[in-house]
Amino acid sequence: MNDTQSATALSPVVFLSLGPGDPELLTLKAVRLLKEADAVMVPGTINAEGHLMSRAADIIEPWCEKRKQRLYGLPMERHRQAAMNVYDQIYQEVVQFCQLGMRVVVAVEGDVSIYASIHYVLDRLLTAGMPVEQVPGIPSFIAAASAASLSLVSQHERLLVVPGDVDADELSQLLAHGHVVVVMKLSACEEAVKAYIQRNKAVECHYFENVGTSKAFDTGDSDAILKRRFPYFSLLMLRARRPVS
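In this text, all values refer to a predicted model and were calculated from it rather than measured experimentally.

### Digging into the pattern of salt bridges
Tallied over the full model, the rule gives 13 salt bridges. Its salt-bridge partner being glutamate 109, residue arginine 55 comes within 3.3 Å of it at the nearest N-O pair. With a gap of 54 residues between them, arginine 55 in helix 2 (residues 55-60) and glutamate 109 in the loop between strand 5 (104-108) and helix 4 (119-127) connect regions that are remote in the sequence. The class for glutamate 109 is partly exposed, based on a relative accessible area of 24%. Between arginine 239 and glutamate 204 there is a salt bridge, with its nearest N and O atoms 3.4 Å apart. Taken together, the residues arginine 239 in strand 11 (residues 234-239) and glutamate 204 in strand 9 (residues 204-209) connect sequence positions 35 residues apart.

Now the structure itself:
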């Protein structure tokens, strides 16, 4: 930011949560902000053929012109340095857009407050004194429970959301203490989760992938889950079976 331009004179950079994948699950505020934006930073991934694919672009397409979109490929590697390099580039580009007086939206799949690594960019902007706004969306596990007509938690149950670094022993402990457990980033712990299900067939489990999209799939059959290859956009809900009232 140059010395003659104060942060208060800039429009806030909006980190906009898009929800799980269904464009109709965008909030009214999200639609308005997409229409008003001058530039929208849109995440994507490189497929096996080398093409940049973006679920986020599909979600916002009805309300955001292509000319506004700035697609960036985000490496999906366990080693995070490549992704951090991309985030550094996004930060620099966002600052440049803001200095030109543009209204900037950073599109975030799911909810920006839940395991969203793009928060690195938001934190850098805050540190630099740039105004930001974080807009909530519908988390994928909330949309998943609704799609399957599930009661996610009831009465005195406690909900615990964990990332894909959980192991079978930890799951056993959490379920033994009465937690309802949602495992996000499921593909990162596929072996551990399947080992737990194999040993605990009586546990109630429900698996989801590609929630809110035309490729959506869910099942509560443990044998079907064990046979399934978990893609990146997948999650699992686990609980001890509720007593029949």
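### Comments concerning the side chain of serine 54
In this structure, serine 54 sits in the loop between strand 3 (52-53) and helix 2. At 2.6 Å, the side chain of serine 54 and the backbone oxygen of proline 43 are in polar contact. Only 3.4 Å separates the side chain of serine 54 from the backbone nitrogen of alanine 56, close enough to count as a polar contact.

Definitions and cut-offs
Residues numbered from 1 in each chain as written. Predicted model: local features only at pLDDT ≥ 70, side-chain atom pairs only at ≥ 80, totals over all residues. Heavy atoms only, no water. Salt bridge = Lys/Arg side-chain N within 4 Å of Asp/Glu carboxyl O. Helix = DSSP H or I, 4+ residues; strand = E, 2+ residues; numbered from the N terminus. Buried < 20%, exposed > 50% of the residue type's maximum accessible area, 1.4 Å probe, protein only. Polar contact = N/O pair within 3.5 Å; in protein donor to acceptor, adjacent residues only side chain to side chain.

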